[in-house]
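# Commentary on secondary and tertiary structure
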Amino acid sequence: MNESNDLSMLEVVERYIRGEMGSEERVHFENLRKTNGEIDQLVVEHTLFLQQLGRFGDRQEFQASLSEVHAELSGNGAIHADHLAGKAKVIYMWNRYKRVTAIAASIAVIVAVSTSSLFNRIVPAANEHKLQELTAVVDKVKEDADIIKVKQDNIEKKITGDVAASPTKPDIIAHFKGTGFLIDGKGLMITNAHVVKQSKNIFVQNNKGQNFKAIVLQLDVTRDVAIIKIDDENFRSPGVLPYGISRNTSPIAESIFTLGFPRSEIVYGEGYLSARTGYNGDTLSCQISVDANPGNSGGPVFNTNGEVIGILSSKEEATEGAVFAVQSKYIYQAVDQLRKNAIYDKVKLSSRSLISGMDKVQQVKKLEDYIYMVKADYYKPESK
Amino acid sequence: MKEENNEKLLLQGLARNDKKAVETIYRLNYSMVQSLIINNNGSADDAKDIFQEAMIVLYEKARSGTFELNCLIKTYVYSVARRLWLKKLQQASRFGGDISVAENTVPVEEDVEDHHRRDSEFGMMEKAMDGLGEPCRSLLEAFYLKKQNMQEIASAFGYTNAENAKTQKYKCLVRLKKVFFTHYKNGTGNE
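Described below are features of the structure shown in this document. (Residues numbered from 1 in each chain as written. Chains lettered and ligands numbered in written order. Predicted model: local features only at pLDDT ≥ 70, side-chain atom pairs only at ≥ 80, totals over all residues. Heavy atoms only, no water.)

## What to know about the interface of chain B and chain A
On the chain A side, the residues contacting the 48 residues of chain B number 43 residues. Approximately 4,500 Å² of surface area, both sides summed, lies buried where chain B meets chain A, with 64% of it carried by carbon and sulfur atoms. On the chain B side of the interface with chain A, the three residues burying the most area are Phe122, Tyr170 and Lys177 of chain B, jointly 14% of the side's total. At the junction of chain B with chain A, the criterion picks out eight salt bridges. The interface formed by chain B and chain A contains twelve residue pairs in polar contact (both at pLDDT 80 or more). Put simply, the parts of the chain that give the side of chain B that touches chain A at least two residues each are helix H2 (19-38), helix H3 (44-63), helix H5 (109-132), helix H6 (136-145) and helix H8 (162-190) of chain B. Partitioning the side of chain B that touches chain A into residue classes produces 22 nonpolar, eight polar and 18 charged. (Contact = heavy atoms within 4.5 Å. Buried area = accessible area lost by both parts, 1.4 Å probe. Salt bridge = Lys/Arg side-chain N within 4 Å of Asp/Glu carboxyl O. Polar contact = N/O pair within 3.5 Å; in protein donor to acceptor, adjacent residues only side chain to side chain. Helix = DSSP H or I, 4+ residues; strand = E, 2+ residues; numbered from the N terminus. Nonpolar A, V, L, I, M, F, W, Y, C, P; charged D, E, K, R; others polar.)

Quick look at the structure:
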């Protein structure tokens, strides 16, 4: 009842504003307006609103004709939009980014200096408490079990004969265990710096249980990225990498999956990218939601196209499901650093994935051979 | 003298959204604005956006009725584009300084401020429209924006008669107003 009254009132007001009333009705309405403040208010408000609506419509129309004219004029060559090619483009890109680059570089320096001093002075205790690096620190019992497992594996291999005659035996006591993945066909691998930074001897083990000796080429503790290289005559390249490494920061809510070695067999995990920054707004990393356990550290984080978007690194102890990954663009930076060494100046990463569009089972099947368990000992320089 | 008349006609045409006038102004000024943007850290896409925004400022100005052209259209468009781009650069904090000036400029700060205020109001209207859902949105657009009559609308939307369509239209309008004024009051209250 009330609503239909309101509606008919609105109709009357609108007819008045649009000048659709007869003269008699108009006089009558104007008298009503003078005596009734509420109606007067409604007239004022509705006039404003209709004006706004009309201008909104005109604006939309005008924008439409702008787009139309733009398309026409650039189509017939009267204006040269979108035709910046070659040198001109490079120049404007440079013009556009040179300041940004300078600013970014100076900010990076300031941040690096200030955060490193902060971390040294205040944060360590609190930080270690809350953020858990996902390296498996092997305890005594498991350590023995691990050695036994490795021995068993070797025996099995001898029996089945699917491994080269004398597979390298890991003659170390694995203290840290993590995950690593190949970034080229020749045995270069990425893992977390915290997995290997305290070690002298490193072995990597593939999904078939074969062990290979590896060496650390480069450590970046700040970004928690390490490049290691399989340095073992028994290593045979599994072929061209099926996955690319993404240069970009991925969008929030993108589906992701992980592969890693929280136990002696490869384990698949599925989740999504939950934030573009990591722990406490750390811009080097991003936050993902996935199940991760000690041993997952250093493992690749893939998007659905099969591109590596990050390196799984740590999780927040107090919060369920908050796992952090180093953004994949820092893999490129690490490799750029490595290339300064003449031996590695030909190393090239690919951002193209060969498995995009495949279903997940197929993707994982292709990926398995390129992901390794990283086992590292604990080296105390002062004890020997 | 002749040029002055020409310019006046162009502006009148622009105010009516006359295709010919829009095209002429567009053709005569685009490259100038494009080089301004590209020489000052912008891309071709930025140039298009800024130029079209400057065109909108000119359009709003031309149809306000109070617009007295005391400079060439070219000078005005250039000044507005420069001002808009400067603001954008500062917002993106890519940049703190001034940008080079290749043409004459006139002060347009106020016009650009007006434009941004109007833009945010249109933004509220757009949001309110988007929030309405169908058929309300199309119904209101047909009547208030495309200015179709109720008879046409009733048959296009499948109402049995114009009276039913009208009732529905008013119901939608009440909802739109409510949402718009909520945004409007919040928007101005916060500033």
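That was the structure; now back to the text.
## Some details on the pairing of strand S13 (residues 307-316) of chain A
Side-chain direction in a regular strand flips from residue to residue, so the side chains alternate between the two faces of the sheet. All names here are of chain A. Most of S13 is tucked away: nine of the ten residues are buried. By the bridge criterion, two bridges tie strand S8 (residues 244-245) to S13 in an arrangement that is parallel. Residue pairing for S13: glycine 244 is matched across the bridge by glutamate 307. Sheet topology places strand S12 (residues 300-303) next to S13; three bridges connect them, and they run antiparallel. Its bridge partner lying in S13, proline 300 is registered against isoleucine 311. Taking the residues between adjacent antiparallel strands as the criterion, S12 and S13 are bridged by three residues, where glycine 306 takes a positive phi near 80°. (Buried < 20%, exposed > 50% of the residue type's maximum accessible area, 1.4 Å probe, protein only. Pairing = 2+ DSSP bridges.)

## Section: the nonpolar core
Core analysis: the biggest nonpolar cluster contains 50 residues, and Phe181, Ile183, Val204, Tyr243 and Ile331 of chain A have the highest contact counts within it. The element contributing the most residues to this core is helix H8 (residues 329-339) of chain A, with six residues. Core analysis: the next-biggest nonpolar cluster, separate from the first, contains 39 residues, Leu10, Ile25, Phe51 and Val77 of chain B among them. (Core = buried A, V, L, I, M, F, W, Y, C linked by side-chain atoms within 4.5 Å.)

Remember that the coordinates give geometry; whether it matters functionally is a separate question.
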